[in-house]
Amino acid sequence: MSINQSGWRPQMTAGDGKPAAPTATGNKALMLEEALIFEIGDTQTTGVDFTGIDAAAPASRLGGLARKAAIGLPGLAEPEAVRHYTRLSRQNYAIDLGLFPLGSCTMKHNPRLNEKMARLPGFADVHPLQPVDTVQGALEVIHQLAHWLVTLTGMTSVAMSPKAGAHGELCGILAIKAALEARGEGHRKIVLVPESAHGTNPATAAFAGFAVEDIPATADGRVDTAALIARLGPDVAGVMITNPNTCGLFERDLKTISDAVHDAGGYVYCDGANFNAIVGRVRPGDLGVDAMHINLHKTFSTPHGGGGPGSGPVVFSEALTPFAPLPFVEKQGEQFVLIEEENAGEHHAGSFGRMVAFHGQMGMFTRALTYILSHGADGLRQVAEDAVLNANYVLRSLEGTLDAPFAKAGPCMHEAIFSDANLAEGFSTLDVAKGLIDEGFHPMTVYFPLVVHGAMLVEPTETESKAALDQFVGALRSVAERAKAGDASLKTAPHFAPRARLDETQAARKPVLVWKDAPLAQAAE
Ligand SMILES: *Cc1c(COP(=O)(O)O)cnc(C)c1O
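First, a word on scope: everything that follows refers to the structure included in this document.

Calculation rules
Residues numbered from 1 in each chain as written. Predicted model: local features only at pLDDT ≥ 70, side-chain atom pairs only at ≥ 80, totals over all residues. Heavy atoms only, no water. Pairing = 2+ DSSP bridges. Helix = DSSP H or I, 4+ residues; strand = E, 2+ residues; numbered from the N terminus. Contact = heavy atoms within 4.5 Å. Axes fitted to C-alpha atoms, helices over the stretch in contact; angles between N-to-C directions. Near = heavy atom within 4 Å. Polar contact = N/O pair within 3.5 Å; in protein donor to acceptor, adjacent residues only side chain to side chain. Areas by Shrake-Rupley, 256 points an atom, 1.4 Å probe, with all protein chains shown as cover. Nonpolar A, V, L, I, M, F, W, Y, C, P; charged D, E, K, R; others polar. 1 Å grid on protein atoms, 1.4 Å probe; cavity = no way out; pocket = protein on both sides within 12 Å on 5 of 7 lines; lining within 4 Å. Points joined across faces, edges and corners; volume = space filled by probe spheres on them.

Each strand in a sheet pairs with its neighbour through backbone hydrogen bonds, running either in the same direction (parallel) or in the opposite one (antiparallel). If you trace the three strands from one edge of the open sheet to the other, you get S10-S12-S11, paired in antiparallel fashion. The sheet is open, and its two borders are formed by strand S10 (416–418) and strand S11 (445–446), each paired with just one other strand. Sheet topology note: the S11/strand S12 (residues 456–458) ladder contains two bridges and is antiparallel. In the sheet register, Val446 faces S12, and the bridge partner there is Met456. Sheet strands touched by helix H11 (residues 362–398): S10 and S12. Its angle to S10, the strand with the most contacts, is close to 30°.

Given below as structure tokens:
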């Protein structure tokens, strides 16, 4: 969206449908309007005063690689650049600003202790190409974290290098593929994926060359175990099951399913992104899982945007361990050693290869290990219990206001799910989400999972107090009541945000990612 600086005024209403007086600047008190950096900075100027080039300066050493034309960067002085990005950052919502109810994302508070540890120079400044004898401490962190992940999940080994949940899924599926090929059963091409699985699951299986078949969900929001078992056979490579699933429910039949899949010669991939709900309570290894990714950036803090990139280590059963990717950290005597292609030897001959160039996200490893050690076994268990308690508090507080399709069947796990069933004619989940923005909250996850019509998925996490939950519940209840009463002003919400409703279809189909006046073609020459 580009802004016409001269004539642009935000659309504002006072919430009662009447337009509020626009300000001359377009600013709304401390919420400052901000144009694109190219619109603020003139590409013909620079923010720095250079004196003319000294004629006696040495000749160019660029050997013909000198830039041929201006690259069109906006010329801003440092304070202008700093203000630009600070203003933009103030238009953002963050976990450090308020409750972030985004279901399936585990947007929990990011303890500052983690940050302090991750910034220790011995961790923050290491380089992946340093000789291993100079990074023994960093390798010990990876090794210890690996130990705790294997212990918490009851599995045999872990690949630390995948860099996100979806990347971990790919890692797990590639290990399954390698295991099948090693058995001479590469013809098993079907991966079964329940409707209640996360969307990345079928995408991963398809990306790795498998054909995906859907398994229906039951009326209570869980995988249809009988349908899944009936579909097993010699063409099935395995299943991908999200547990707890994306309806916020525990797949109680997972052990039965795993046994049946193994009997039929397949493998069980468990999407462990929702591990927060069961950490310290359930060990996926006991349920027959063969591979599972853990989103360190969900369960072990540092949620998206919370201070670091993601990290998706994958734990493996004994059956899949020989096929896990390199590298590994191994303790040999008193030394921590990186097992790479050169020194892998016979022991890792079955490895399917590598996921990444180096060893994973060091900053995330340090944060996750800090989180695990500072909580201890009892603390981690309490994380899961409190996350489930908070979600059930939200579910029971709102089930009289919003339709809660699975509430009658019993408690939820870490997230509460609602539908659009009892909103007024013409009102949708989107209207409720937009109304929540005016109330100062990031909306919950909407229209996901697909098994619930107009789904609203709320994951409060364990780090919210009862007071914070009450405030959120009050806001959502108020907006929901307006949507049930057919309050027309909700159809144009948000009214107090820097932007109102965007054309989301246009933004997704035809995103404008490049400043149109930038002489990029020239710059690339
Ligand atoms: C978040 C999530 C993923 C994907 O994880 P990324 O780190 O975003 O790639 C996969 N499955 C489930 C259930 C998730 O919640």
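Checked against the element boundaries, Ala81 lands in helix H2 (residues 78–90). Sequence spacing of Ala81 and Gly41 is 40 residues, and the spatial spacing of their C-alpha atoms is 9.0 Å.

Relative to the assigned elements, Phe365 resides in helix H11. Phe365 sits 184 residues away from Glu181 along the chain, and the two C-alpha atoms are 32 Å apart. Those residues in contact with Phe365 that lie beyond four places of it in its chain are Val141, Ile142, Leu145, Met160, Leu296, Ser311, His359 and Gly360.

Before going further, it helps to examine the site of the ligand. The local shell around the ligand holds 14 residues, among which Ser104, Gly165, Asp271, His297 and Lys298 are the closest. In the environment of the ligand, an oxygen atom lies 3.0 Å from a nitrogen or oxygen atom belonging to the side chain of Asn295. Between the ligand and His297 there is a distance of 2.7 Å, counted from an oxygen atom to a side-chain nitrogen or oxygen. When isolated, the ligand has an accessible area of 380 Å², and the protein chains bury 86% of it. Of all the secondary structure elements, the ones that give two or more residues to the shell around the ligand are helix H6 (165–182) and helix H10 (296–299). Top element by residues in the shell around the ligand is H6. It accounts for three residues. A breakdown of the residues in the shell around the ligand according to their chemical character gives three nonpolar, eight polar and three charged.

Let's shift gears to empty space enclosed by the protein. Using the criterion set out here, one finds two cavities of 30 Å³ or more in the structure. Put simply, the largest cavity is a space of about 40 Å³. Lining the largest cavity we find Cys247, Leu249, Leu395, Phe406, Ala407, Gly410, Cys412, Ala416 and Ile417. Of the residues that constitute the lining of the largest cavity, the class distribution is eight nonpolar, one polar and no charged. Considering only enclosed or pocket space, the second largest cavity measures out at about 30 Å³ in volume. If you trace the second largest cavity, you find it lined by Asn243, Phe250, Leu254, Cys270, Ile278, Val282, Pro284, Leu287 and Val289. Across the lining of the second largest cavity, the residue classes tally to eight nonpolar, one polar and no charged.

What follows concerns unusual backbone geometry. Residue Pro327 is bonded to the preceding Leu326 through a cis peptide linkage, with omega at 0°. Along the polypeptide, Pro327 turns up in the loop between strand S7 (314–316) and strand S8 (328–332). The omega angle of the peptide bond from Phe448 to Pro449 is 5°, so this bond is cis rather than trans. Within the element layout of this structure, Pro449 appears in the loop between S11 and S12.

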